[in-house]
Amino acid sequence: MTYHALVPAAGSGSRMGALSGCALPKQYLPLAGQPMIRHALATLCATPAIMDVFVVLAPDDIHWPAAAMATLGPKLRVLRCGGDTRARSVANGLRAMAGELGEIGNDWVLVHDAARPCLTVAMVENLIAEVGEEDAGGLLAMPVADTLKRSDDNGRVRQTVSRDGLWQAQTPQMFRHRLLLDALDFAPQVTDEASAIETLGLSPRLVAADVSNLKVTYPLDLQLAAWILQNREQS
Ligand code: C5P
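An account of the accompanying structure is given in this report.

Quick word on the overall build of the protein chain
Within the protein chain, the regular secondary structure consists of 8 helices and 11 strands. The C-alpha atoms of the protein chain give 18 Å as radius of gyration, which agrees with the globular expectation for 235 residues (18 Å, within 12%). Principal-axis analysis of the C-alpha atoms gives the protein chain an extent of 50 × 40 × 40 Å. Considering only intrachain contacts with a sequence separation of at least 6, the fraction spanning at least 24 residues in the protein chain is 70%.

Topic: the pairing of strand β9 (residues 157–161)
The pairing of strand β8 (residues 148–151) with β9 spans 4 bridges and is classified as antiparallel. Looking at β9, one finds that Arg-150 is bridged to Gln-159. Connecting β8 to the next strand, β9, in antiparallel fashion are 5 residues, including Gly-155 with a positive phi near 75°.

Comments concerning the sheet that holds strand β11 (residues 205–208)
Reading across from one edge, β5-β4-β1-β6-β10-β7-β11 is the order of the 7 strands in this open sheet, with mixed pairing throughout. Bordering the open sheet on either side are β5 (76–79) and β11, each of which pairs with just one other strand. Averaged over all neighbouring strand pairs, the angle between strand axes comes to 30°, with direction disregarded. The sheet contacts of helix α4 (residues 86–101) involve β1 (3–9), β4 (50–57), β5, β6 (108–111) and β10 (167–176), and relative to β1 the element is tilted by about 140°. Across the sheet, helix α6 (residues 177–186) is in contact with β6 and β10; its angle to β10 comes to roughly 120°.

Basis of the calculations
Residues numbered from 1 in each chain as written. Predicted model: local features only at pLDDT ≥ 70, side-chain atom pairs only at ≥ 80, totals over all residues. Heavy atoms only, no water. Helix = DSSP H or I, 4+ residues; strand = E, 2+ residues; numbered from the N terminus. Rg over C-alpha atoms; globule rule 2.2 N^0.38 Å. Contact = heavy atoms within 4.5 Å. Pairing = 2+ DSSP bridges. Axes fitted to C-alpha atoms, helices over the stretch in contact; angles between N-to-C directions.

Distances and angles like these do not, on their own, reveal function.
Here is the structure:
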């Protein structure tokens, strides 16, 4: 089997920017001595099963630190075809990959957020092993631990929602190239790849991950991610 990684990194990180007052897109914020995005790219490049790692940038991105990325080696490939939503960035990236590699419809593509810097090679290998050859693909996810409340318009509890069977979706999410592109063309409004696959009536496999694969959205997340990365380096 052939596995490719695709990292959409064409977002502006507006929630983080609004709170931190920093104009640098979120994926380039300094984290444990590197631009945040370099951590996930390094993990994906270091995963032996992954043949190449495509990163999707906004066409007008002036912040991509090419020199710092050159040390990641020849697996890393840059595509400047980001769109105005995450789903469009991923779909554009899938098309551009096929343009460079040829017929890859049956190959697996692992889509991973630039904003999840604490991914490990073991997490990626576990996802690949657990999904195996399942047609519907799969994703890393975490069973919901907290009790969930639905609010009314006044910020009061309207309802307690059962957490039974509820999971928080993470990335990577892995699907066959052709299926994922078809799904995103069919459902371009989705916020993750699994949702697009679900609209085709398929049920991707949930592979249990852990809380350390957090997504950096707010300034405090950046501190948590730094703690996780530094703690791993020392242990
Ligand atoms: O904004 P959010 O954290 O949900 O973005 C998730 C990922 O999707 C990030 O890696 C971000 O750079 C990427 N993205 C993108 N193109 C967009 C919006 C987000 O590649 N238009």
